[in-house]
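# An overview of the molecular structure
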Amino acid sequence: MELLTLDLRGALGKQAFFGAAAERAQDLTPVWNFVHNVWLHEIAQQFLSEGRFVSDGEEWAPLNPEYARWKARHLPPPAPLGILYRTGRLLEALSNEGSAEHVFSSTPDSVLLGATTPYGKYHQTGTDHMPVRPIIRTRNRFRRTVIRAAVRHILSGDIDSIEPADIQAPPEPGESA
């Protein structure tokens with residue numbers, strides 16, 4: 001007589017694996033800490049490149065010629081350090097977690113990154129008198145790394161093996177930022 005059987009050997013191990021993964025999926029805090037560290041680098045690169053880092057090589061709009069002359073005359077060295085650099089306050093607020101205006105807040109399922117500097121939003125969105133100069137944008141490479149970090153965290157609890165170097169480089173030629 002032939003028997004129809006169901007072999008469940010190893011099922012308990014798989015159940016434990018999926019249970020642990022489900023538990024890790026409830027708290028993405030380690031992922032948000034990783035994302036924050038990558039964010040600090042991305043923002044610094046965006047300022048240093050004057051917008052080219054996350055904009056497919058497109059620079060921020062140049063300064064108004066009159067303001068550019070004023071800035072060159074009145075700001076001591078090492079200023080002017082670029083288009084959105086006058087006092088360093090905005091760059092500091094966005095890229096230095098020790099700044100009182102730096103924002104990094106996370107819950108198990110969300111993260112908030114940014115700055116409370118009151119004038120940053122005007123550079124980001126532009127005004128009637130100021131062109132749009134986007135500071136905060138995410139590159140496809142950054143988004144892929146966030147997803148990879150979340151998947152690794154959920155499946156193994158290990159995000160330390162992710163190499164931030166793949167997302168810190170500018171986009172390859174032909175690669176969408």
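Now for a look at the structure at hand. These figures come from a predicted structure and were not determined experimentally.

## Points about the pairing of strand β2 (residues 110-115)
When strand β1 (residues 102-107) meets β2, the two strands line up antiparallel, connected through 6 bridges. Across the sheet, residue Ser105 finds its bridge partner in β2, namely Leu112. The turn joining β1 and β2, which pair antiparallel and follow one another in sequence, is formed by 2 residues.

## Digging into empty space enclosed by the protein
This structure, assessed with the given rule, holds 1 cavity of 30 Å³ or more. Space inside the largest cavity adds up to approximately 60 Å³. Among the elements that take part in the lining of the largest cavity, helix α2 (residues 29-48) stands out by supplying 4 residues, more than any other. Taken together, the residues that form the lining of the largest cavity break down as 6 nonpolar, 2 polar and 2 charged.

## Quick look at unusual backbone geometry
Despite not being glycine, Glu50 has its phi angle at roughly 50°, a positive value. Position of Glu50 among the secondary structure elements: in the loop between α2 and α3 (65-74).

## Quick word on the layout of surface pockets
By volume, the largest pocket amounts to about 400 Å³. Lining the largest pocket are 19 residues, and of these Tyr67, Ile83, Leu84, His123 and Met130 sit closest to its centre. Residues of the lining of the largest pocket, tallied by class, amount to 10 nonpolar, 5 polar and 4 charged.

## Side note on the pattern of salt bridges
Counted under the stated rule, the structure contains 3 salt bridges. Of the charged contacts in the structure, one is a salt bridge between Glu59 and Arg52, with a shortest N-O distance of 2.5 Å. Assessed through its relative accessible area of 45%, Glu59 is described here as partly exposed. Residue Arg52 is classed as partly exposed on the basis of its relative accessible area, which comes to 32%. Among the ionic pairs, Glu101 bridges to Arg89, the shortest N-O distance being 2.6 Å. Here Glu101, found in the loop between α4 (89-95) and β1, pairs with Arg89, found in helix α4; they are 12 residues apart in sequence, far enough to count as distant.

## A few points about a nonpolar patch on the surface
A cluster of nonpolar side chains, Phe17, Phe18, Ile147, Val151 and Leu155, forms an exposed patch at the surface whose accessible area comes to about 480 Å². Inspection of the secondary structure assignment puts Phe18 in helix α1 (residues 11-25).

## Side note on helix α6 (residues 140-156)
The end-to-end C-alpha distance of α6, which contains 17 residues, comes to 24 Å, matching closely the 24 Å that a straight helix rising 1.5 Å per residue would cover. Of the positions making up α6, those classed as buried are Arg141, Phe142, Thr145, Ala149, Ala150 and His153. Backbone geometry just downstream of α6 places Gly157 in the positive-phi region, at approximately 75°.

## Section: the packing of α2 against α6
Axis angle and axis distance: for two packed helices, these are the angle between their axes and the distance between the axes, and together they describe the pair. Contact pair α2 / α6: the axes reach a minimum separation of 9 Å and the direction vectors enclose 155°. Viewed along their axes, α2 and α6 adopt a mutual orientation that is roughly antiparallel. Crossing handedness for the pair α2 and α6: right-handed. Contacts between α2 and α6 involve Pro30, Val31, Trp32, Phe34, Val35, Val38, Trp39 and Glu42 from the former and Phe142, Thr145, Val146, Ala149, Ala150 and His153 from the latter.

Calculation rules
Residues numbered from 1 in each chain as written. Predicted model: local features only at pLDDT ≥ 70, side-chain atom pairs only at ≥ 80, totals over all residues. Heavy atoms only, no water. Pairing = 2+ DSSP bridges. Helix = DSSP H or I, 4+ residues; strand = E, 2+ residues; numbered from the N terminus. 1 Å grid on protein atoms, 1.4 Å probe; cavity = no way out; pocket = protein on both sides within 12 Å on 5 of 7 lines; lining within 4 Å. Points joined across faces, edges and corners; volume = space filled by probe spheres on them. Nonpolar A, V, L, I, M, F, W, Y, C, P; charged D, E, K, R; others polar. Salt bridge = Lys/Arg side-chain N within 4 Å of Asp/Glu carboxyl O. Buried < 20%, exposed > 50% of the residue type's maximum accessible area, 1.4 Å probe, protein only. Patch = residues over 30% accessible without salt bridge, like charges linked within 9 Å, V, L, I, M, F, W, Y side chains within 5 Å. Areas by Shrake-Rupley, 256 points an atom, 1.4 Å probe, with all protein chains shown as cover. Expected span 1.5 Å × (residues − 1). Axes fitted to C-alpha atoms, helices over the stretch in contact; angles between N-to-C directions. Parallel < 35°, antiparallel > 145°, perpendicular 65-115°, else oblique. Left-handed = near helix turned anticlockwise from the far one by under 90°. Contact = heavy atoms within 4.5 Å.

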